[in-house]
Amino acid sequence: MPSRRTLLTALGAAGAAGAVGAARVAGVRRPVDLSDAEWHRGAYDRQRTGNGRERDAPGPGLTRRWATDVPDDVHSSSPILVDGSVHVVAAVPSTRAGDRPRPVRFLRLDAASGAVELDSLVTRYEGRGTSDAVAWDSLVYADGTFYLLAFDGVHALAPDGTERWHRPLGGAPSNSNLATAHPVVVDGSVYAPTASTTWHTDASEGLYALDAATGDVRWRYEVPNDVRGWTFAPAYADGTLYCSVLDHGVVALDTADGTVQWERRVPVTGPPTVGESRVFASVEPSGSDRSGVVGLDVGTGKPDWRTEGDGTWFGRSVATAGGLVFHRERLSDIVCREAATGEERWRHGLAFSGLGTPAIADGRVYALARTEEKGPSGLLAVDAESGDRVGFARTRHETGGDASVAIGGGLAFATSSYGVVQCFESCLTGAEGHCLH
C-alpha cells in the first residue's frame, strides 16, 4: 500500500522596473520548455482542484526569474500556460481609473524572459464604477480558443487576440470583490457564471450555457429571486456542473439542459471544488465572525463534514489532491485536512495568505503569501505531507494574494496587485554565481 507521500509526489511527477513589457532577469538561467506544461485556468482543471499532477515544479532555492510590468499599472488575472507561453488579462482597477475609461487587455508573454509578445484590447468600460472590470480568475483556454469573463459578458478570443464572438450577460462592474469568475468549457459548451456583474442591473444572477463556437445561449440557470445571489466560478465532473451561490448553497446541474440534480442550502462564500467523491466549498453564516469549509457528497449534496473557526474569509478557494484538502484560514494560515473527514493534519502559520487557489505539484503546495507581519510578499512553497516550508521568494510589490499560481516546466508563474507578471524557479547558486539545477 503506497504511502500518502508517495501518492502526493506521484501526482506532481506522473528591463527595468516601470518599463512597459520590460522583464527583469537575474543571472544565467536554464532553457525553458513548457511544451508539456499546459495550465489552462486558475485552479488548473475543470474540477478546480489546483492539482497540477504531472507538472514539474520548482523546489528548494526558490527565486524570482523575471518580473514584467503590464501597461497602465493594472491588476492582472491569474496566469495560464498555453503553447509554451504565459497568458493574462489586465484591467485598470477602479481605485486608479478616476474618470478614465478602463480597458480590458489580453496579453501573451514569453515564458523564458517575460517579454510581452501580444497586447490586444478586448473591451473597455467607459463609465465610473466601484470595482474592477474583470476578476482575478477570469481567463480559460480550451480547444484553440481563449474565453474571458469580463464585466460585459463572455468574450471568445483567437490566439492572436481577435474576437470570435461576444455574449453579453447584462452585467456591469460591481463592488462584490469576487476573485473567481471564469467559465468552464466542456464538450462544445461554455458554462459561464454572471459572477455578481448583474448586481447593479435589472438582469438576473445565474449561470449561462453557451455554444462554444457561436456564443448562442443553450440554456440558463437563474438564481431564485429571494436569494442574494452572487455566483462563483463553477466546477465540472462526470456530466454535472456544480455552482455555488453566495449565502444560498451549492447546486448540481445537468450539463445537457440545466436540470437541477440536487441543491444543498449552506452559507457558501466561495467557489466549489470537486474531488475525492466530494464537493468542497468555504462557508460562513451571514453576519458571523466564524467560518470554515464544508465537504458535500458529490452525488447527493449531503454534508459529510464541516469545520468552523475564528475569522471571516469571503471568496476562499479549496484545493485537493491525494486524499487531502488544502485551504486558507483567517486570511493567514494554510491548512491541510483529510478529505474524507475534515480532520486537520497540519497548519502553516502566515501573516497573510490571500484567497487564490493553492497549487499542488511535485508533492508541494504553492501560494502567494506574506510570512511576517509587515514583511515582504512572495511565493511560498510548503511540503504537502508535513506543511514544512520548502522555499519562499519575494515578489515585486505586494501580491494581493487573490491570484492563483500556474506551474510547469520547473517554473511557477504569478501576478501581483500592481500589474506585475512574475516567474519563479529553483536556483541553487554555484561558485560563479550561476544557477545549479
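Residues numbered from 1 in each chain as written. Predicted model: local features only at pLDDT ≥ 70, side-chain atom pairs only at ≥ 80, totals over all residues. Heavy atoms only, no water.

Peer 1: Before we move on, could you go through the pairing of strand β34 (residues 420-426) and cite the residues and values that matter?
Peer 2: Among the seven residues that make up β34, seven are buried, leaving the element largely enclosed by the rest of the structure. Alternating residues of β34 divide into V420, Q422, F424 and S426 and V421, C423 and E425, and every residue in both groups is buried. Sheet topology places strand β1 (residues 62-69) next to β34; seven bridges connect them, and they run antiparallel. Within β34, the position partnered with T63 by the bridge is E425. Where strand β33 (residues 411-415) lies against β34, five bridges are found, and the strand directions are antiparallel. Bridging from a neighbouring strand, F413 pairs with C423 of β34. (Buried < 20%, exposed > 50% of the residue type's maximum accessible area, 1.4 Å probe, protein only. Helix = DSSP H or I, 4+ residues; strand = E, 2+ residues; numbered from the N terminus. Pairing = 2+ DSSP bridges.)

Peer 1: Now, about the packing of aromatic side chains: what can you tell me, with residues and values included?
Peer 2: Any two aromatic rings considered together are summarised by their centre-to-centre distance and by the angle between their planes. In this structure the tally under the stated criterion is nine aromatic pairs. Their ring planes at 40° and their centres at 5.9 Å tell us that Y191 and W219 sit as a pair that is tilted. Of the two residues, Y191 sits in strand β12 (residues 189-193) while W219 sits in strand β14 (residues 217-222), which places them 28 residues apart along the sequence. We note that Y191, like W219, is buried. (Phe/Tyr/Trp six-rings, centres within 6.5 Å; stacked < 30°, edge-to-face > 60°.)

Peer 1: Describe the nonpolar core, with residues and values.
Peer 2: In globular proteins that are soluble, nonpolar side chains generally tend to be buried together. Core analysis: the largest hydrophobic core is formed by 33 residues, its most contacted members being L379, V405, I407 and F413. Beyond its immediate chain neighbours, meaning those up to four positions away, L379 contacts L62, Y366, A367, L368, G391, F392, A393, T395, V405, A412 and F424. (Core = buried A, V, L, I, M, F, W, Y, C linked by side-chain atoms within 4.5 Å. Contact = heavy atoms within 4.5 Å.)

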